[in-house]
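The primary structure of each chain is shown beneath.
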There are 2 protein chains.
Amino acid sequence: MSDDSKLLPHRQAIDSIDKQILDLMNERAKHARAIGELKGTGVVYRPEREAQVLRRIKDLNIGPLPDEAVARLFREIMSECLAVERPLTIAYLGPEGTFTQLAAMKHFGHAAHTVSCLTVDESLRLVEARQADYVVAPVENSTEGSVGRTLDLLVATPLQACGEVVLRIHHHFLRSQAVDFSELDMVYAHAQALAQCQHWLTKHLPDTVKRVAVSSNAEAARLAAQNPRTAAIASQAAAEIYALNKIASNIEDEPNNTTRFLVLGHQETTPSGQDKTSLVVGAPHRVGSLHNIIAPFMQMGISMTKFESRPSKANLWEYVFFIDIEGHVLDEKVQAALTLLREQAVFVKVVGAYPVAVL
Amino acid sequence: MSDDSKLLPHRQAIDSIDKQILDLMNERAKHARAIGELKGTGVVYRPEREAQVLRRIKDLNIGPLPDEAVARLFREIMSECLAVERPLTIAYLGPEGTFTQLAAMKHFGHAAHTVSCLTVDESLRLVEARQADYVVAPVENSTEGSVGRTLDLLVATPLQACGEVVLRIHHHFLRSQAVDFSELDMVYAHAQALAQCQHWLTKHLPDTVKRVAVSSNAEAARLAAQNPRTAAIASQAAAEIYALNKIASNIEDEPNNTTRFLVLGHQETTPSGQDKTSLVVGAPHRVGSLHNIIAPFMQMGISMTKFESRPSKANLWEYVFFIDIEGHVLDEKVQAALTLLREQAVFVKVVGAYPVAVL
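Thresholds, definitions, all that
- Residues numbered from 1 in each chain as written.
- Chains lettered and ligands numbered in written order.
- Predicted model: local features only at pLDDT ≥ 70, side-chain atom pairs only at ≥ 80, totals over all residues.
- Heavy atoms only, no water.
- UniProt positions renumbered as here; feature names shortened; annotations may be inferred.
- Pairing = 2+ DSSP bridges.
- Helix = DSSP H or I, 4+ residues; strand = E, 2+ residues; numbered from the N terminus.
- Axes fitted to C-alpha atoms, helices over the stretch in contact; angles between N-to-C directions.
- Contact = heavy atoms within 4.5 Å.
- Core = buried A, V, L, I, M, F, W, Y, C linked by side-chain atoms within 4.5 Å.
- Buried < 20%, exposed > 50% of the residue type's maximum accessible area, 1.4 Å probe, protein only.
- Salt bridge = Lys/Arg side-chain N within 4 Å of Asp/Glu carboxyl O.
- Arc of directions from axis to C-beta.
- Domains from an automatic or database assignment.
- Least-squares fit on C-alpha atoms with pLDDT ≥ 70 in both.

Identification of chain A as Bifunctional chorismate mutase/prephenate dehydratase from Alysiella crassa is taken from an unreviewed UniProt entry. The annotation that UniProt attaches to chain A under Subcellular location (unreviewed entry) is "Cytoplasm".

Structure representation (structure tokens):
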């Protein structure tokens, strides 16, 4: 049997499978449309439902396609089905935005429209003014900690958190030409990236190489592209835009270097079965405050996944705590903890309850 | 009946559909793997087969998902199925590369790896040296004509064209702030973009605004981001990277402004049923040459989709013609035309035969 005649039965099988997948996808889009019509002018995007669909797909998957591949494909299928109704518009922080845009695409799929903004402030404002449906904003990096500006904005925004995205962040060592480290005077990067890669830098670069903090890794890449005696720490995307060579990959000290983003919109999200709740808590600056804030969660057996204090901008003598807990705000024990907390705090703001990131 | 109970049957239907799609996709991946095993160490990527699958899907599609959406989804499904075997590595021109990378992603899906290169030369060399599987190189723009460097490289490269990608190119008028046109001194863009938008520029901008050609539209965007009295013509991607405001969208004079790319690799592609063949033909510089080159195609009733002459780099007295024709090089009448052509030409090189772009 010739090669082609051996291939033929498999190709015929694939043709038949494709027809079935196509029909099922259109069938799915019809049901999505029916759901949209039942909801009328209400929200078409349901984060808790999408999270459930993706979790179920990963549970059901037995391969050979890896879990990540099927989750990616279903994210795109949902994205296209939703776009038949109305494509979503997603605002995000632009200048250093490669990662934030990647996060938006990862969460909403490629059928969503993205709108870049100059600042995190502006990206939230766009959604507040209903010129965009959702905003994706960076909140913390696993190595370098919180994104202060986003946290400050969470205190006042009327928007609700309705999702989170976790993105693995890799840094690369980039140069315009692959020359010896002895012919290197400077390495450019954002201060946070320099911090995230300090062990690698110390181990591999001569002491004479200056580390220069610039406004963004993209800017670092641009500068490194202009002078072969310099290098940059930046992302794959920046390497591609400025056509730099990747001299060393994944040079971040912490192998699980991730950035976490919140998705904010106008809607409250019902429980998905595996949720988190983000809170902002104001407390007086006095001995015991910290303990009083933590105690209600301990008492109710609720795990905290984030706890951070920042000085309040409004009042010199108050502190603001940013707390993420496991569980949905509608869970009984979360409700009980919040009741206890409100007795201790100046204010308690629920930023939102949302499904734990699936992908 | 409550809203939720009305939604329930649709959600249950979607769950059942998703399970079926998942199983079918894995079934598909198994057949793809079986095909890969039959081919052994041979090429796993078959452009003619992918084109046939996508054309069939578009033919079979009855909605509500639009043809473009299902084609995109199937491109991604094929991309993930192929990546189970071995993800493809695609080289592309980096610096102005946003469009070229988009073209690579459009053609190979998001499971493929892309490698940026500083020049078109380098991107071809990477594949010639088998450090990448395929290269995507821009060949012509519908408004501005050919990309000369790529054409020159086609003369000598041992690579075969095995696909084409057509990308709609939109240009936008970008500024860091939305201020009046009277507060505008300069507009930056690549010379090609300035040419593509000249009617819009003449109609909308005061005569006092200088048009400044810079090395790329990305560079134009970067410059415009630094000075509110300047503007740039650039892509959506550049607007996002530099957080510029889109003052006017799609300002290109020609509404069907497209850029065409060739996919080059080491393989010859068998006929897909709707193909093109790219040729490079050398001819002496004498009266009648042009006619002698065209005549064989006329005689055999073959349509030409591109015909362009460039002076040969090798010989001052020779011309090189770049010709795209409808049909596959293995078609009888193409063979006949080539036989006639070889009697007239100094040399005839078949750059490749490949499926007409589907998406």
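Text resumes after the structure shown.
S.K.: Can you help me understand the sheet that holds strand β7 (residues 186-190) of chain B in this one?
M.R.: Residue and element names in this part refer to chain B. Spatially, β8-β7-β9-β6-β10 is the arrangement adopted by the five strands of the open sheet, whose pairing is mixed. Two strands close off the open sheet at either side, each with one partner strand: β8 (210-214) and β10 (245-248). On average, each strand axis in the sheet is inclined to that of its neighbour by 35°, with strand direction left out of account. Pairing analysis gives three bridges linking β7 to strand β9 (residues 230-234), with the strands arranged parallel. Opposite Y188, over in β9, you have A232 as the bridge partner. Seen against the sheet, helix α9 (residues 217-226) touches β6 (172-175), β7, β8 and β9 and runs at an angle of roughly 155° to β9.

S.K.: Would you take a moment to explain the nonpolar core for this structure?
M.R.: Within soluble globular proteins, side chains that are nonpolar tend to cluster in buried spots. Within the largest apolar cluster, 38 residues are counted, with the highest numbers of intra-cluster contacts made by I21(A), M25(A), F74(A), I21(B), M25(B) and F74(B). Counting only elements with at least two residues in this core, the list comes to α1 (3-39), α2 (47-60) and α3 (67-85) of chain A together with α1 (3-39), α2 (47-60) and α3 (67-85) of chain B. Look past the residues within four positions of F74(B) in its chain and what remains in contact with it is D18(A), I21(A), L22(A), M25(A), L54(B) and I57(B). In terms of nonpolar packing, the next biggest core, distinct from the first, is built from 27 residues, A220(A), A234(A), L174(B) and A238(B) among them.

S.K.: How should the pattern of salt bridges be read in this particular structure?
M.R.: Opposite charge on two side chains lets them pair, provided their charged atoms get close. Residue and element names in this part refer to chain A. A full pass over the atoms with the stated rule returns 34 salt bridges over all chains. Salt-bridge contacts for D133 lead to R86; the nearest nitrogen and oxygen are separated by 3.3 Å. On the criterion of sequence distance, the pair formed by D133 in the loop between α5 (120-128) and β3 (134-141) and R86 in the loop between α3 and β1 (89-93) is long-range, its members being 47 residues apart. The network of salt bridges with common partners includes E140, E164, R260, K276, K306, E308 and D324.

S.K.: Help me understand helix α11 (residues 289-299) of chain A, please; the structure alone is not making it clear to me.
M.R.: Helical geometry note: an α-helix holds 3.6 residues per turn, so side chains three or four residues apart project in the same direction. Residues and elements named next belong to chain A. Of all the residues in α11, the buried ones are S289, I293, P296 and F297. Taken end-on, α11 shows its buried residues confined to a sector of 100°, consistent with a single buried face. The exposed set on the far side of α11, more than 90 degrees from its buried face, consists of H291, M298 and Q299. In the core, the buried residues of α11 are packed alongside β12 (275-284), β13 (304-311), β14 (318-326) and α12 (332-344). In the stretch just after α11, G301 is the one whose phi turns positive, near 65°.

S.K.: Would you explain the domain arrangement of chain A in this entry?
M.R.: One widely used convention gives an interface's size as the accessible area the parts lose upon coming together. The domains assigned to chain A are domain 1 (3-85), domain 2 (172-248) and domain 3 (269-359). Summarising the inter-unit geometry, the C-alpha centres of domain 2 of chain A and domain 3 of chain A are found 40 Å apart.

S.K.: I keep staring at the relation of the copies chain A and chain B and nothing clicks. Help me out?
M.R.: With an RMSD of 0.0 Å, the operation that places chain A on chain B is a rotation of 180° combined with a shift of 0.0 Å along the axis. One copy is carried onto the other by what is essentially a two-fold rotation axis. Within chain A, the C-alpha atom positioned nearest to the axis of rotation is that of I21(A), 2.8 Å from it. Most of the interface of chain A is mirrored in chain B, where 100% of its interface residues are also at the interface.

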